[in-house]
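Each chain is listed here by its residues.
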Amino acid sequence: MSIARRKFDCLVIGAGGGGLRAALQLAESDAHVAVVSKVFPTRSHTVAAQGGMNAALGNVTPDNWHWHMYDTIKGSDYLGDQDAIEYMCRAASRLVVELEHYGVPFSRMEDGHIYQRPFGGQSQNFGGEQVARTCAAADRTGHAILHSLYQQNIRARTHFFDEYFVIDLILDDEGNALGALALEIETGEPLLIEAKTTLLATGGAGRMFRTSTNAMINTGDGIAMALRAGTPIQDMEFFQFHPTGIAGVGVLISEGVRGEGGYLVNGVGERFMERYAPNAKDLASRDVVSRAIAIEVREGRGCGPDKDHVLLKVDHLGAAPILKRLPGIRDLSMRFANVDPIEKPIPVYPTAHYTMGGIPTNRYGQVVAPIRHAPEEAIQGLYAVGECACVSVHGANRLGGNSLLDIVVFGRAAGNHIIEHLKEHRYHKSIPDALVEKPLARLHRWDKRGKGESVDEIRKELQKTMEENCGVFRTQEVLDEGVVKVKVLESRLNDAVITDHSKVFNTARIEALELENLMDVALAAVIGASARHESRGAHSRLDYPERDDVSWLKHTLYFKEGYQLDYKPVRMKPLSVDSFPPKERIY
Ligand SMILES: Cc1cc2nc3c(=O)[nH]c(=O)nc-3n(C[C@H](O)[C@H](O)[C@H](O)COP(=O)(O)OP(=O)(O)OC[C@H]3O[C@@H](n4cnc5c(N)ncnc54)[C@H](O)[C@@H]3O)c2cc1C
């Protein structure tokens, strides 16, 4: 087979914060590392993160990592794994300082310390007063982090394959990761990358919903690659809807706006969060605020001519803090809602935002799954970090500011583990041609254009179906209907063609491959949701309104083959402190 081949110690798929932090660790230890990204690295979705990154620095209010750990476990509705959560919260402060030394220009206080803003679900003393824990570079934190990490990687001589699309992983029969097949987008030529270790850092799958804060590129590619390689994926029914997307558009208005003193009002001018979360009010966790907004609108107390949204008020803060702390938000609001928040409130409604589920890993980033092994083992040489992974620190609901933390903490941890792995696995295993046939066939399936049902049409229908049948509120009937509809769309996609002759050829081909990925991930989400007969975190069932710890305190595992589900226990034991057993979750 005459496909170009390249060899590396480690192949990192994805150049967001997770991939770049891992790559930096590796490049600095002199490992030969390649980062592949379907867009130029600094266009990865991490660049869009606004509000900030959590660490219990205690610069503004008293704080410590143990309180952060408690808040994260409570926020996760007790589905998060407590060993990983402890590991993340303990590492946070050190890694913020490290980022600062890499060049991230964090906002400052008068005395020179790093500024921290209050975010949802944060408390002092295990559920007490609000904490200010989120470190921010104004409202462009992700932009600052991603650019700093990219520059550090350039300095450390990481090799970049910019604008290469990875089609599939390659694993041998024993389940060892051997590398991946990629497509050079500009030329349309395939490239086989052979690597002793492969790390997936491909981000989330927010594009399976119609209205989403996510970039067009967030199509769950890595999650679907893991599924096709035979691993199950975990907890996909838990998808976060951010309370404040610009109504009708979906563009994110950061939780930092409420952290800085903004609040929500309904159509009768009432500050309704006081009813749903008497203590935390507008800074309750995201699942709670999103449901409250959806209920207000459903019960006829929405705003606007169609009463289909609520308002986020910030004008009472005055112009100076908005211009200093929220300049990007003001820009987005003027551009997409035609509203200057210094003068008028912003129309908002919950919007698909964050993929809590993903590829199951341990806290070293190793993919851990019952694949071709019995029963559950780390797959040799395969790692996953960031939004495509499920380690699981976010459980059933992620706290704002914990994802930028997650990608940096576990990116670094995976890098360190890979360095150790490489010491014991010093030689390449070459990829036999036979293992390349399947991914290559997947690519060539989309070589021809023709007449028939178009890929674009199916994508639109999938996004609509997921929004209507797997949204903020769920019932058995609605979810079961969703499962049937998505399965029909899956079979229609098998017969679909590229009909659009106006697009640059590879763009259409890549969109088709991305839709296959979205389809796999959507099936996992809706099938997992239909089977979970309880309400927990972001998974809110009208027919099972209570959390059920007796039957459902467990992670879902979804296998592509036969659409099978299995379950595994939550890791309740932290590393060094006492466990936080489940209790009622009140904000
Ligand atoms: C609008 C917005 C605001 C947010 N604000 C915050 C915040 O304030 N605080 C916080 O903690 N979190 C926030 N989040 C969440 C957080 O930003 C993300 O979860 C996190 O940045 C994801 O990082 P990542 O490295 O996992 O993936 P990403 O940054 O999404 O990067 C994915 C990478 O994978 C590559 N890739 C994907 N598929 C392929 C393929 N097939 N072939 C090759 N390359 C591929 C892409 O090119 C990209 O480089 C926000 C998210 C959004 C959408």
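Residues numbered from 1 in each chain as written. Predicted model: local features only at pLDDT ≥ 70, side-chain atom pairs only at ≥ 80, totals over all residues. Heavy atoms only, no water.

1. Re the overall build of the protein chain
Thought 1: A count of helices and strands for the protein chain gives 16 helices and 20 strands.
Thought 2: For 587 residues, the compact-globule estimate of 2.2 N^0.38 gives 25 Å, and the C-alpha radius of gyration of the protein chain, at 23 Å, lies within 12% of that figure.
Thought 3: With the C-alpha coordinates aligned to their principal axes, the bounding extent of the protein chain is approximately 65 × 55 × 50 Å.
Thought 4: In the protein chain, buried positions account for 62% of the 587 residues.
Thought 5: Look at the contacts in the protein chain between residues 6 or more apart in sequence, and 75% of them connect residues 24 or more apart.
Thought 6: Surface accessibility of the protein chain: about 21,600 Å² in total, with carbon and sulfur atoms responsible for 51%. (Helix = DSSP H or I, 4+ residues; strand = E, 2+ residues; numbered from the N terminus. Rg over C-alpha atoms; globule rule 2.2 N^0.38 Å. Buried < 20%, exposed > 50% of the residue type's maximum accessible area, 1.4 Å probe, protein only. Contact = heavy atoms within 4.5 Å. Areas by Shrake-Rupley, 256 points an atom, 1.4 Å probe, with all protein chains shown as cover.)

2. Quick look at the site of the ligand
Thought 1: The ligand sits among 38 residues. The nearest are Ser44, His45, Thr46, Glu387 and Ser403.
Thought 2: Within the backbone of Ala201, an N or O atom sits 3.4 Å from an oxygen atom of the ligand.
Thought 3: Taking 1,000 Å² as the accessible area of the ligand by itself, protein coverage stands at 98%.
Thought 4: Of all the secondary structure elements, the ones that give two or more residues to the shell around the ligand are helix H1 (17-28), strand S2 (33-37), strand S7 (164-171), helix H5 (221-228), strand S14 (346-355) and helix H11 (402-424).
Thought 5: The greatest single-element share of the shell around the ligand, amounting to four residues, is contributed by H11.
Thought 6: Each residue belonging to the shell around the ligand can be placed in one class, and the counts come to 14 nonpolar, 20 polar and four charged. (Near = heavy atom within 4 Å. Polar contact = N/O pair within 3.5 Å; in protein donor to acceptor, adjacent residues only side chain to side chain. Nonpolar A, V, L, I, M, F, W, Y, C, P; charged D, E, K, R; others polar.)

3. Let's talk about the sheet that holds strand S4 (residues 116-123)
Sheets are built from strands paired through backbone hydrogen bonds, the pairs being either parallel or antiparallel.
Thought 1: One open sheet accounts for three strands, arranged S3-S5-S4; its pairing is antiparallel. Two strands lie at the open edges of the sheet, namely strand S3 (53-54) and S4, each paired on one side alone.
Thought 2: Here S3 runs beside strand S5 (residues 130-135); their pairing, made up of two bridges, is antiparallel. What sits directly across from Asn54, in S5, is Thr134. (Pairing = 2+ DSSP bridges.)

4. As for the pattern of salt bridges
Thought 1: Enumeration according to the criterion identifies 47 salt bridges in this entry.
Thought 2: Its salt-bridge partner being Asp287, residue Arg585 comes within 3.0 Å of it at the nearest N-O pair. Of this pair, Arg585 sits in the segment after strand S20 (564-569) while Asp287 sits in helix H8 (residues 286-298); the two residues are 298 residues apart in sequence, bridging distant segments of the chain.
Thought 3: Residues Arg459 and Asp456 are paired through a salt bridge, measuring 3.5 Å at the closest nitrogen-oxygen approach. Residue Arg459 and its partner Asp456 are both found in helix H13 (residues 455-469); the two are separated by three residues, about one turn of the helix.
Thought 4: Sharing partners across several salt bridges, the network here consists of Asp77, Glu237, Asp287, Arg291, Arg532, Glu534, Arg536, Arg547, Asp549 and Arg585. (Salt bridge = Lys/Arg side-chain N within 4 Å of Asp/Glu carboxyl O.)

5. Re the packing of H1 against H11
Thought 1: Where H1 meets H11, the axes come as close as 7 Å, and the angle between the chain directions of the two elements is 40°. Judged by the angle between their axes, H1 and H11 are oblique. Read as a crossing pair, H1 and H11 show a hand that is right-handed. Note on element contacts: H11 touches H1 through Ile407, Val408, Gly411, Arg412, Gly415, Asn416, Ile418, Ile419 and Leu422, opposite Gly17, Gly18, Arg21, Ala22, Gln25 and Leu26.
Thought 2: Here the residues of the contact of H1 with H11 are counted per class, giving seven nonpolar, six polar and two charged. (Axes fitted to C-alpha atoms, helices over the stretch in contact; angles between N-to-C directions. Parallel < 35°, antiparallel > 145°, perpendicular 65-115°, else oblique. Left-handed = near helix turned anticlockwise from the far one by under 90°.)

6. With respect to the sheet that holds strand S19 (residues 554-559)
Thought 1: With antiparallel pairing, three strands are arranged side by side in an open sheet as S10-S19-S20. In this open sheet, the two strands that pair with only one neighbour each are strand S10 (233-234) and S20.

7. Looking at the pairing of S19
Thought 1: Burial within S19 is extensive, with five of its six residues counted as buried.
Thought 2: Relative to S19, S10 runs antiparallel, the two being bridged by two bridges. When the sheet's bridge partners are listed, Gln234 is paired in S19 with Leu557.
Thought 3: As defined by bridge partners, S19 adjoins S20 across six bridges and the pair is classed as antiparallel. Within S20, the position partnered with His555 by the bridge is Lys568.
Thought 4: Two successive antiparallel strands, S19 and S20, enclose a turn made up of four residues, where Gly562 displays a positive phi of approximately 70°.

8. Some remarks on the nonpolar core
Thought 1: Counting 81 residues, the largest nonpolar core has Phe161, Leu169, Leu200, Met208, Leu462, Met466 and Val486 as its most contacted members.
Thought 2: The element contributing the most residues to this core is helix H15 (residues 505-531), with 15 residues.
Thought 3: The contacts of Leu200, once residues within four sequence positions are left out, are Ile13, Leu169, Gly222, Met225, Ile359, Leu382, Tyr383, Ala384, Val385 and Cys388.
Thought 4: Membership of the second largest hydrophobic core comes to 57 residues, among which are Leu24, Leu99, Ala201 and Val391. (Core = buried A, V, L, I, M, F, W, Y, C linked by side-chain atoms within 4.5 Å.)

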